[in-house]
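What follows is the residue order along each chain.
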Amino acid sequence: MTIVVHKFGGTSVGSAERIAAVADLIAGCPGDRVVVASAMAGVTNRLVGLTERVTTGRADEVEPAIVELHDLHMAALYELTGGSDAQGFESAVNATLAEARALLQAAVAIGELPARARDRLLSIGEKLSVRLLAVAFERRRICPVVLDADEFLETDDRFGAAQPDPATGTRPARHRILPLLAQGMVPIVTGFCGRAPDGATTTLGRGGTDLSATYLGAVLEADEVVIWTDVDGVFTANPTDVTEARLVPQLNYREAAELSFYGAKVLHPRTMIPVVNPGIPVYIRNSFHPDAPGTVVDGRFTPGSHPVKAVTAVRDQALVSIEGKGMAGRPGVAAGVFSALAEAGISITMISQSSSESSICFAIPSAASDVGEQVLKRALADAIAGAEVEEIVVRRDVALVAAVGLGMAQTPGVAARLFTALADQGINVLAIAQGSSELNVSLAIEQAGTVFALRAIHREFGLDRLDTGDSAERRLDLLLMGCGQIGRALVRRIAEHPEPFERLSLQPRIVGVVDRTGYVLAPLGLEPEAQTALLAHKEAEGALVDLPEGQPGHPSDLVEAAAQYRLSRPILVDVSDADAAPEAFVSALKAGADVVTANKKPLAADAATFAGIRAIRKERGRVLRAEATVGAGLPIVDTLEMLMATGDEVRAIEGSLSGTLGFLMGAVEAGMSLSDAVQDAMQRGFTEPDPLDDLSGWDVARKALILARWSGVAAPDVVVERQGLVPDDWGGLPVDELLARLRREVDEPLAAKVAAAKERGEVLRYVASVRPDGVRVGPTAVPATSALGQLRGTDNLVQFETDRYADRPLVVVGPGAGVQVTAMGVLSDILRIAAVRS
C-alpha cells in the first residue's frame, strides 16, 4: 500500500469553507490516506484562556464560552450541509461540551485545574473538528472513520508536553488504522493528543499536531507525510522581516530542526524526530494554494549553489555572562550553572565559552532572565564569595540570528562573510556559537538590529535568488549580449583555451545569450553540445528566439531572468551594438553582476546615462571594464587607468582610434580608391556592422568621448566636433549604393587631398584629439615622419600627454581592428574581473 499521512492545522480547518476545501483536496489525493487534524483556528487558545480565568473564580464565563463553542461548530455544520445531518453531529457536540462544562465548573469550585484535567479539556477542539471533517468527507463520497487519538496513541504521562512512546505505541496505532485502510476507509485522527499509561488524555504541547502526524507516519511506515498549513513552505527567511525571502524547495532533517529551533514557525523542533530513522519525507504545503510545490524535508544533503540555505532569528532573549579568572581549570562550574537553570525550568538557547574557561556566555529567554539571574546568584554564591566568579552580567533585549545549512561544512569563509555583512550594517556581534558539524552559525546581537541583520545575511548569501542546484564554488558565469562574429570568437576562445581560467582555479560557463530577437537562459551553463548548436545557429544567421529554448525579449529581460538565480561571479559581456545596452548595464549592476563591454554606445550616450552607470557601479561595488570600446585588444584604457592610479595628471590624449579608418587611409595613400578599400575592409571583417559608423566618424567620436569621460580631461557633457569621410545623411544606405556613391562623390576628392598632403611631406590620418578645450575627430594631415604618420594597416596609436610624460608623450600602438583582436580584448577584461572575484 502507498500510505500518506495528511495533517491539517487550525487555519486549514478554520471555517466551513476551509473544511470543505480540505475535503476536496483529500478527495483528489491518490493512495491510502490518513488525516490528522487540529482544532478550528482559535479554539484551543480560547480554551487555554478560559482555564486561566475560571481558576480565579470567574464562574460566569463558563456557560457563555460553552455556548460560543457550540454555536461556532453548529454554524460550520449548517454551512457544510445546509442544515441536514445536524442531529447526530449536535449530539456529539453536546456530549463533548457537557464534559468540558463539568471540568470547568470543577476548576471554579476548587480554584485549580489539574494537569490531566486540563489536557482532557484542551483536547475537545480536535474532537469537534475531526467530526466536522467527517461530515464534509461523507458528502464527497469519501468513507471517513473518526478516531480519537487518546484511545490508542500511547504517550508518557507528562501532561501538557507528552511524548509518544515508540516502545508501546506502535502496535495499538497499527492495529487501529491499517485494517481501516485495507477496507478503503479514510481515518480522521485527532491531533495534539494521546493516551497516558493509565488511560488519561494527554496533549503533546506546541506543534503537537505536527508531531502526531509524523509519529503516525513512522508507525504506519508511510511513504510520506504532508503537513498542510497556511504558507507555501519553509522560506529562506521570515517574509515579514525579509521581503525578498524565497521558498526553500528541500531541507535536510537536521537543517529543518535547526531552523525550527531558531524561530522558523512553520515547523516545531520535535516534528522531525519520528521520521528521521525510517527516512520518511515530510512535505510542507499550503492548503490555501495546494498547487504550490512546497518544501520537502528528507535525508538528502543538497548544498545547492551556496552553503547557507536559510537565516532565521529568535527574539526576546537575554545574554548571560559569568566571568571570573578563578573559573579557569575549576571543574563543575558550567555543570552547576546549567543544572541550576534546568531545575528552574529555564531553557538555554545558545552557549559560548572562551578557551581560557574564564567566562561562560549563554542565552536564555528574556522572560526568564530575572528568575535566572537570581537562581545563578544563589547557585554560585560560594564561588562569588571566594572571588572565583567575579560577576554575573545579564544583557536583555538580545536576539539570536542563525544561518543554517549543511553546505557550510568544509566551506571556508562563511563566518567571515557573516561578520562582514553585519559590520557593513553597523551591527555588533555580542557572541557567536558554531557546532563542530558546521550546520548552524548563531550570532547574538542587539534586538533592535534583528531585521537589518537578517536582510544583510540574506543578501550576502544570495538567498533572494533561485538556487541553481550547483554546489561548485569556483564558477564564473557569463551573460553574453550579442552573438555575432566577436561573440562567437569569444565563446570559442574560452572553450578551446581554458588555461587562463584554470590558473585562477575558475571554470567559466555561458549561462545566457541574447540577440535582437530574444534570449536563451541556462542557469547551470550551456552544455558543450548546446553551445556548439547555438553558435552554429547564429553563424547561419538564425534568431535565438527560434531555438527550442529561446525566449522573446531584450537584453534587460535576459538580465532580469538570470538575476532570479544564484549565479556565481556573474559578468554581463556586451559584444553587441545594441542601443538598449544602458538599461541592461544598470539592471546587471543592480543585480550584483560586473560588466565588460565592447559596445561603445552605452558609455558614449548622453552624460546623464554615463553618470548613472558609473554611480550604480560605485554604489554596488561592481567592476565595469571597457577596454575593447576604444582599442579592441590594445591596452589603451588599461594604460589610462594605470596613469591615473599612480597619481599622474592626464593633460591631453591624441591618436588614431580606428583600425578600420587607419586601414582605409593607408590603402588610399597606397593608391587604392576609397570605395575599393571599403569593400576590402568589409570582406576582412574590419568594419562595424554598419560601415557608415566608421566612415561618418561616429565610431571614433564615441571612442574619443569615452576617453574624455574616463580620463576627466574634458567635461562629460562635451560635444564632439566631428568631420566624417561621408555625409551623415548617407546613413541607412544599402552596401551596393554606398559603394556606388563613394565612387561617384568621394574617391577623387579624397585622393586629391592625399596627394596634396604628400607634396607637403605629410600623410592623411583620421585623428582624435581630446583636450580640455574640446574633443575633435576628423581627417588630419600629419608629418609623414611622426608616430601617427608611420602607422600602417589596422594599427591604432594613442599618445598620452601627462605631467610625467610632458616632453615625450607615452605612446601605445598596435592592432586595433579585427574580430580576434577585439575578442581577446574582451577576454582580457573578463580575466581582470575574474582575478578580482577569485
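Everything below is about the structure printed above this text.
Thresholds applied
Residues numbered from 1 in each chain as written. Predicted model: local features only at pLDDT ≥ 70, side-chain atom pairs only at ≥ 80, totals over all residues. Heavy atoms only, no water. Helix = DSSP H or I, 4+ residues; strand = E, 2+ residues; numbered from the N terminus. Rg over C-alpha atoms; globule rule 2.2 N^0.38 Å. Buried < 20%, exposed > 50% of the residue type's maximum accessible area, 1.4 Å probe, protein only. Areas by Shrake-Rupley, 256 points an atom, 1.4 Å probe, with all protein chains shown as cover. Salt bridge = Lys/Arg side-chain N within 4 Å of Asp/Glu carboxyl O. Expected span 1.5 Å × (residues − 1). Arc of directions from axis to C-beta. Contact = heavy atoms within 4.5 Å. Phe/Tyr/Trp six-rings, centres within 6.5 Å; stacked < 30°, edge-to-face > 60°. Core = buried A, V, L, I, M, F, W, Y, C linked by side-chain atoms within 4.5 Å. Pairing = 2+ DSSP bridges. Axes fitted to C-alpha atoms, helices over the stretch in contact; angles between N-to-C directions. Left-handed = near helix turned anticlockwise from the far one by under 90°. Nonpolar A, V, L, I, M, F, W, Y, C, P; charged D, E, K, R; others polar.

Asks: I keep staring at the overall build of the protein chain and nothing clicks. Help me out?
Replies: Broken down by element type, the protein chain carries 29 helices and 29 strands. In terms of overall dimensions, the protein chain is more spread out than a globule: its C-alpha atoms have a radius of gyration of 37 Å, far above the 28 Å expected for 838 residues. Seen through its C-alpha atoms, the protein chain measures out along the principal axes to roughly 125 × 75 × 45 Å. When each of the 838 residues of the protein chain is scored for burial, the buried share is 53%. For the protein chain, the accessible surface area stands at approximately 35100 Å², while carbon and sulfur atoms represent 50% of it.

Asks: I'm lost on unusual backbone geometry in this one. Help?
Replies: Among all residues except glycine, the phi angle is most often negative; among peptide bonds, the trans geometry is most common. One non-glycine residue, D316, adopts positive backbone phi at about 55°. Relative to the helices and strands, D316 is located in strand β11 (residues 310-323). For D316, a relative accessible area of 48% puts it in the partly exposed group. Despite not being glycine, A632 has its phi angle at roughly 55°, a positive value. Relative to the helices and strands, A632 resides in the loop between α22 (628-631) and α23 (636-645).

Asks: Where do I start with the pattern of salt bridges in this structure?
Replies: Should their charged atoms come close, side chains of opposite charge can pair. Per the stated rule, a full pass over the model turns up 49 salt bridges. Two residues, R516 and D577, come together in a salt bridge whose shortest N-O distance is 2.6 Å. Taken together, the residues span a long stretch of sequence, with R516 in the loop between β18 (507-514) and β19 (518-521) and D577 in the loop between β21 (571-574) and α20 (581-590) at a distance of 61 residues. Under the relative-accessibility criterion, R516 is labelled exposed at 66%. Taking the relative accessible area as the measure of exposure, D577 reaches 23% and is therefore partly exposed. Taking the shortest distance from any N to any O, the salt bridge between D594 and R837 comes out at 2.8 Å. Pair noted here: D594 is in strand β22 (residues 594-597) and R837 is in helix α29 (residues 819-837), with a separation of 243 residues, a long-range link.

Asks: Where do I start with helix α18 (residues 528-539) in this structure?
Replies: Taking 1.5 Å as the rise per residue, α18 with twelve residues should run 16 Å; its terminal C-alpha atoms sit 16 Å apart, in good agreement. Along α18, the residues that are buried comprise Q531, L534, L535 and K538. One side of α18 carries all its buried residues, which in axial view fall inside an arc of 95°. Pointing more than 90 degrees away from the buried face of α18 are the exposed residues E529 and T532. At its buried positions, α18 is contacted by α16 (485-496), β18 and β19. Residue E541 follows α18 closely and has a positive phi angle near 65°.

Asks: Is there a simple way to think about the packing of aromatic side chains in this case?
Replies: Given two aromatic rings, one states the distance between the centres and the angle between the planes to describe the pair. This structure, assessed with the given rule, holds two aromatic pairs. Consider the rings of F8 and W228, whose centres lie 6.0 Å apart with planes at 5°: the pair is stacked. Of this pair, F8 sits in strand β1 (residues 3-8) while W228 sits in strand β7 (residues 224-229), and the two are 220 residues apart along the sequence. For F8, a relative accessible area of 0% translates into the label buried. Measuring from centroid to centroid gives 6.0 Å for F338 and F362, while their planes differ by 75°, and the two rings are edge-to-face. With F338 in helix α11 (residues 333-343) and F362 in strand β13 (residues 359-365), this pair connects stretches of sequence that are 24 residues apart. According to the relative accessible area criterion, F338 is partly exposed, its value standing at 25%.

Asks: Sorry, what's going on with the nonpolar core here?
Replies: Counting 80 residues, the largest nonpolar core has L572, L664, W710, L742 and F800 as the members making the most contacts within it. Setting aside residues no more than four positions away along its own chain, F800 makes contact with I636, T639, L640, L643, A652, I653, Y805, P809, L810 and V812.

Asks: Got a minute to help me understand the sheet that holds strand β2 (residues 32-37) in this structure?
Replies: Within a sheet, each strand pairs with its neighbour through backbone hydrogen bonds, oriented either parallel or antiparallel. Overall, mixed pairing links the eight strands, which are arranged β3-β4-β2-β1-β7-β9-β10-β8 in an open sheet. Across the chains shown, the open sheet's two edge strands, defined by having one partner strand only, are β3 (144-147) and β8 (250-252). Each adjacent strand pair in this sheet contributes to an overall mean axis angle of 20°, direction not counted. Where β1 lies against β2, six bridges are found, and the strand directions are parallel. Its bridge partner being in β2, V4 is matched across the sheet by R33. Taken strand by strand, helix α1 (residues 16-27) contacts β1, β2 and β7, and its axis lies near 170° from that of β1. Lying on the sheet, helix α9 (residues 253-261) is in contact with β8 and β10 (295-298); it crosses β8 at an angle near 90°.

Asks: Got a minute to help me understand the packing of helix α2 (residues 43-54) against helix α5 (residues 115-122) in this structure?
Replies: For any two helices packed against each other, one specifies the crossing angle of their axes together with the interaxial distance. Between α2 and α5, the shortest axis-to-axis distance is 10 Å and the interhelical angle comes to 145°. Handedness of the crossing formed by α2 with α5: right-handed. Mapping the contact onto sequence places T44, L47, V48 and T51 in α2 and R118, L121 and L122 in α5. Of the residues that constitute the contact of α2 with α5, the class distribution is four nonpolar, two polar and one charged.

Asks: How should I be thinking about the sheet that holds strand β27 (residues 774-783) in this particular structure?
Replies: Ordered in space as β25-β27-β26-β24-β28-β29, the six strands form an open sheet in which the pairing is mixed. Edge positions in the sheet fall to β25 (720-722) and β29 (810-815), since each has one partner strand and no second. Neighbouring strand axes in the sheet, compared pairwise and without regard to direction, differ in orientation by 25° on average. The pairing of strand β28 (residues 795-802) with β29 spans six bridges and is antiparallel. Bridged to F800 within β29 is L810. Lying over the sheet, α23 contacts β24 (650-656), β28 and β29, oriented at roughly 10° with respect to β28.

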